[in-house]
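# Coordinate analysis (summary)
Spelled out from the first residue to the last, the chains are:
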Amino acid sequence: MKKLLLTCILIVSIMFITGCIGEEKTDTETPTSSQISHESNTQVPDLIMQPSDVPGLTLTDYYFIAVSKSAAFDLNNIDTPQSYQNAQYQNVLPLGMRNAGQQSKWEDESGRRVEVVLTKFDSNSGFEVLSEGWDEQRDEYNDQINQHPQEFKESGLSVMGNPNIGDASYYVSLPSGQDVETIVLNFIYKNYMVGIEVNDEKDKSAKEAIRIAKIVKNRLD
């Protein structure tokens, strides 16, 4: 069972590989999360998600990801020193850098939450290996569920599924309390990697994550 939980953690962590690579945050005079939260109709033109996509939710935080103009940026070199020459910004692209993605978080007072992390790589190099890894982990994960149904039920996790979005995709649920479910959905498309996290009622969260993933994928065409 420990192996099952470890596999789940490794899978889910993929969503945050590129969304959290920026250690340095710029634009200190940009709106804070608390300021944004009071503007229910806040629109940031460059964000792939807009208020009309998530009715009832408010934009509470966002940033864009910048990487060095002089360094390649793909899965094959993401762990090299050059890949850490990056920053998070909101309004002004830092000098000598280029945009490589974005993150936005949308919430309401009840606890509903949608978070979208979009990363644009220079190429899809490395995506094939990633896709194969997802398939292998999904098969192993579901095999372990079948072998340990009671332990799995007690863990609060659910079957890992494939929403068939983009070139490769998966989703998995995480326990978030009684009648509440967090769905993490990742997909790759062309040279984009997208991570979506939805926290909602159990009968709504998976459908909402898939709906949002389709919106994002269509806008990348």
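That block above? That's the structure.
Per chain, residue numbering runs from 1 following the sequence as it is written. Note on the predicted model: pLDDT of at least 70 is required for a residue's local features to be given, and 80 or more for side-chain atom pairs to be given and counted; whole-chain, interface and lining totals, by contrast, use all residues. For side-chain calculations, the full set of non-hydrogen atoms in the structure is used, while hydrogens and water are omitted.

### A few points about the environment of V92
- In DSSP terms, a helix is any run of H or I states spanning at least four residues, a strand is any run of E spanning at least two, and both are numbered starting from the N terminus. Checked against the element boundaries, V92 lands in the loop between strand 3 (86-89) and strand 4 (97-107).
- Relative accessibility under 20% of the residue-type maximum defines a buried residue, over 50% an exposed one, and the middle range a partly exposed one, all with a 1.4 Å probe and only protein chains included. The exposure class of V92 is exposed, given its relative accessible area of 54%.

### Thoughts on the pattern of salt bridges
- Each reported salt bridge corresponds to a side-chain nitrogen of Lys or Arg within 4 Å of a carboxyl oxygen of Asp or Glu. Scanning the model with the defined rule gives nine salt bridges in all.
- For D200, the salt bridge goes to R112, with nearest N and O atoms at 3.5 Å. Within this pair, whereas D200 is found in strand 8 (residues 192-201), its partner R112 is found in the loop between strand 4 and strand 5 (113-120), the two being separated by 88 residues in sequence.
- Accessibility expressed as a relative area gives 26% for R112, which makes it partly exposed.
- Measuring nitrogen to oxygen at the nearest pair gives 2.8 Å for the salt bridge that ties E208 to R211. Here the residue E208 and the residue R211 both occupy positions in helix 5 (residues 205-219), the gap between them amounting to three residues, near one helical turn.
- The exposure class assigned to E208 is buried, which follows from its relative accessible area of 15%.
- Three or more residues are tied together by salt bridges with common partners; here these are D108, R112 and D200.

### Quick look at the pairing of strand 5
- Counting buried positions along strand 5 yields seven of eight residues, so the element is predominantly enclosed.
- Pairing between two strands is assigned when DSSP locates at least 2 bridges connecting them. Remark: five residues form the turn of the hairpin made by strand 4 and strand 5, two consecutive strands paired antiparallel; G111 in that turn has positive phi of roughly 110°.
- Of the strand pairs in this sheet, strand 5 and strand 8 are connected by eight bridges, and their pairing is antiparallel. By the bridge assignment, K120 is partnered in strand 8 with Y192.

### Description of the side chain of Q50
- In this fold, Q50 is placed in the loop between helix 2 (33-37) and strand 2 (58-68).
- A distance of 3.1 Å separates the side chain of Q50 from the backbone oxygen of L47, its partner in a polar contact.
- Residue contacts are counted whenever heavy atoms from the two residues lie within 4.5 Å of one another. The contacts of Q50, once residues within four sequence positions are left out, are Q43, V44, P45, W106 and R219. Under the rule applied, a polar contact is a pair of N or O atoms within 3.5 Å (in protein, one hydrogen donor and one hydrogen acceptor; residues adjacent in sequence only if both atoms are side-chain atoms).

### So, the side chain of S68
- Tracing the sequence through the fold places S68 in strand 2.
- Among the polar contacts made by the side chain of S68, one reaches the side chain of S70 at a distance of 3.0 Å.

The values are spatial; any link to function lies outside them.
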